[in-house]
Amino acid sequence: MNPVLKYSHLHIILSSLYRFSTACGHFAKARSWKHLAHGASVPKMQTVNRDIFAINKQNFDYFLILDFEATCEEGMKIMPHQEIIEFPVIQLSGKNLEEVGRFHRYVRPTERPILTSFCTDLTGIVQETVESQESLPEVLNAFDEWLLDLNLINTDHSMKSLFTFVTSGDWDLDFRYFKRWINLKKAFCKCKGYFAKSLAVMLRDLELNHLGRLHSGIDDVRNMCQITRSLGKSGYVFQNTSIYIDEKHTFENL
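Below is a summary of the structure that appears in this document. Quick caveat: nothing in here was measured; it's all calculated off a predicted structure. All chains use their own residue numbering, which begins from 1 and follows the written sequence. Totals for whole chains, interfaces and linings use all residues, but because this is a predicted model, local features are given only for residues with pLDDT of at least 70 and pairs of side-chain atoms are given and counted only at 80 or more. Think of the side-chain values as coming from all heavy atoms in the structure, minus any hydrogens and water.

**Section: the nonpolar core**
Line of reasoning, step 1. In this description, a nonpolar core means a group of buried Ala, Val, Leu, Ile, Met, Phe, Trp, Tyr and Cys residues linked to one another through side-chain atoms lying within 4.5 Å. Only protein chains enter the area calculation, which uses a 1.4 Å probe; residues under 20% of their type maximum are buried, those over 50% are exposed, and those in between are partly exposed. Judged by nonpolar contacts, the single largest core of 24 residues is most densely connected at Phe 63, Ile 65, Leu 184, Ile 227, Leu 231 and Phe 238.
Line of reasoning, step 2. Every helix listed is a DSSP run of H or I at least four residues long, and every strand listed is a run of E at least two residues long, numbered separately from the N terminus. Considering every element that reaches this core, the biggest residue donor is helix α9 (residues 217–233), with 6 residues.
Line of reasoning, step 3. Pairs of residues are marked as contacts when any of their non-hydrogen atoms sit within 4.5 Å. Those residues in contact with Ile 227 that lie beyond four places of it in its chain are Leu 184, Leu 199, Met 202, Leu 203, Leu 206 and Leu 208.
Line of reasoning, step 4. Among the nonpolar cores identified, the runner-up in size contains 21 residues, and Trp 146, Leu 147, Trp 181 and Tyr 244 belong to it.

Have a look at this one:
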């Protein structure tokens, strides 16, 4: 660069900094232009994470993002019923939608203890993985302990903290404290104006990369966290979308 232009640019920059320092005081220690021009250290301005300011105050202190994987058979309903074989939950803070906790267990099915090849191909869960695990009642007890340790529930399963569950449908929840929840697809519809049939559609709309393997419970939850975080940072305030009605697995929209 031409030396004249170089020092002309420097003078313009330093003049701007001086005017800024009059209000903020960041360059109060600089005694002269020469002092600044010769590389004197200048206190750095604090950087601000602008994403924080994009998140409106949410209605919940915590979001528990979950997506169960279950026994299944290709082209037919599995009998007597589907059983949970993967139980993944990630806890997000309502303040910044960042992860603050995680619970992840595989579950041994008891009604149909042998996984079908279709189920293994779909979920990536092999027979050896579930055979050594606890059954659902035992995993639920472990989940209770996890919630108790986090001060989210009381010993009678009533809520102690203001939290809600987030699912990718209305199949996952219908027992214990799973009485009200956010169906992420319904929340996405309220925010975006159309109903997305899959996680892939929501990720594509929000320009997010898919993480991990499709139909891996924990990977699906990680992707749901991405979607939840993106909607929240766009200014969307989450509300429960669904409520459990009775033991017939019926629910209503809120």
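**Comments concerning the packing of aromatic side chains**
Line of reasoning, step 1. Stacked, tilted and edge-to-face are the three classes assigned to paired rings of Phe, Tyr and Trp, where Trp is represented by its six-membered ring and a pair needs centres within 6.5 Å; plane angles under 30 degrees give stacked, over 60 edge-to-face, the rest tilted. For the structure on display, the rule yields 11 aromatic pairs.
Line of reasoning, step 2. Taken together, a centroid distance of 5.0 Å and an interplanar angle of 90° make the contact between Tyr 236 and Phe 238 edge-to-face.
Line of reasoning, step 3. One aromatic cluster is present, formed by Phe 68, Phe 87, Phe 103, Phe 143 and Trp 146 through successive ring pairs.

**Some words on helix α6 (residues 136–149)**
Line of reasoning, step 1. In a helix, the anticipated span is given by 1.5 Å times the number of residues less one. In this model α6 runs 20 Å from its N-terminal to its C-terminal C-alpha over 14 residues, within 8% of the 20 Å that 1.5 Å per residue would give.
Line of reasoning, step 2. Those residues of α6 hidden inside the fold are in contact with β1 (62–66), β3 (84–93), β4 (99–106) and β5 (163–167).
Line of reasoning, step 3. Phi turns positive one or two residues past the end of α6, at Asn 151, with a value near 60°.

**Description of the pattern of salt bridges**
Line of reasoning, step 1. The salt bridge definition used is simple: a Lys or Arg side-chain nitrogen within 4 Å of an Asp or Glu carboxyl oxygen. According to the stated counting rule, one finds 6 salt bridges in the structure shown.
Line of reasoning, step 2. Ionic pairing is found between Asp 170 and Lys 186, a salt bridge with its closest N-O pair at 2.9 Å. Placement of the pair is Asp 170 in the loop between β5 and β6 (180–183) and Lys 186 in helix α7 (residues 184–192), with a sequence separation of 16 residues. One exposure class covers both Asp 170 and Lys 186, and it is buried.
Line of reasoning, step 3. The partner of Lys 192 in a salt bridge is Asp 205, with the nearest N and O atoms 3.3 Å apart. Pair noted here: Lys 192 is in helix α7 and Asp 205 is in helix α8 (residues 199–205), with a separation of 13 residues, a long-range link.

**So, unusual backbone geometry**
Line of reasoning, step 1. Each neighbour pair has its own omega, and for Met 79 with Pro 80 the value is 0°, a cis peptide bond.
Line of reasoning, step 2. Tracing the sequence through the fold places Pro 80 in the loop between β2 (69–70) and β3.
Line of reasoning, step 3. The backbone phi angle of Asn 151 is positive, close to 60°, even though this residue is not glycine.
Line of reasoning, step 4. Its location among the elements puts Asn 151 in the loop between α6 and β5.
Line of reasoning, step 5. Residues other than glycine seldom take positive phi values, yet His 215 does so here, at roughly 75°.
Line of reasoning, step 6. With respect to the helices and strands, the residue His 215 is situated in the loop between α8 and α9.

**Some words on the environment of Lys 192**
Line of reasoning, step 1. The class of Lys 192 is partly exposed, set by a relative accessible area of 38%.
Line of reasoning, step 2. Lys 192 sits 44 residues away from Tyr 236 along the chain, and the two C-alpha atoms are 9.8 Å apart.
Line of reasoning, step 3. In this view, Lys 192 contacts Asp 205 and Leu 206; residues no more than four positions away in its chain are not counted.

**Remarks on the packing of α7 against α9**
The relative placement of two packed helices comes down to the angle between their axes together with the axis-to-axis distance.
Line of reasoning, step 1. Axis definition: a line fitted to C-alpha atoms, limited for helices to the stretch in contact. Angles are taken between N-to-C directions and run from 0 to 180 degrees. Running from N to C, α7 and α9 cross one another at 30°; their axes reach a closest spacing of 11 Å. Judged on the interaxial angle alone, α9 and α7 are roughly parallel. Taken as a pair, α7 and α9 cross one another with a handedness that is left-handed. Together, Leu 184, Phe 188 and Cys 191 of α7 and Met 224, Ile 227, Thr 228 and Leu 231 of α9 make up the contact between the two elements.
Line of reasoning, step 2. For this scheme, ten residues count as nonpolar: Ala, Val, Leu, Ile, Met, Phe, Trp, Tyr, Cys and Pro. Four count as charged, namely Asp, Glu, Lys and Arg, and the remainder, Gly too, count as polar. Its residues placed into classes, the contact of α7 with α9 shows 6 nonpolar, 1 polar and no charged. Any angle from 65 to 115 degrees is called roughly perpendicular, while one under 35 is roughly parallel, one over 145 is roughly antiparallel, and all others are oblique. Crossing handedness follows the turn of the near helix against the far one: under a right angle anticlockwise gives a left-handed crossing, and clockwise gives a right-handed one.

**Some remarks on the side chain of Thr 123**
Line of reasoning, step 1. Mapped onto the elements, Thr 123 comes out in helix α4 (residues 117–123).
Line of reasoning, step 2. Polar contact is defined as a pair of N or O atoms within 3.5 Å, subject to the rule that within protein one atom must be able to donate a hydrogen and the other to accept it, and that residues adjacent in sequence are counted only when both atoms are side-chain atoms. Separated by 2.8 Å, the side chain of Thr 123 and the backbone oxygen of Cys 119 make a polar contact.
Line of reasoning, step 3. A polar side-chain atom of Thr 123 sits 3.1 Å from the main-chain amide nitrogen of Ile 125.
Line of reasoning, step 4. Sequence-distant contacts of Thr 123, that is, excluding residues within four places in its chain, are made with Glu 69, Arg 213, His 215 and Ser 216.

**What to know about the side chain of Ser 161**
Line of reasoning, step 1. Note on placement: Ser 161 falls in the loop between α6 and β5.
Line of reasoning, step 2. Within the structure, Ser 161 has its side chain in polar contact with the backbone oxygen of Asn 151 (distance 2.7 Å).
Line of reasoning, step 3. If we ignore the near neighbours within four places in the chain, the residues touching Ser 161 are Asn 151 and Leu 152.

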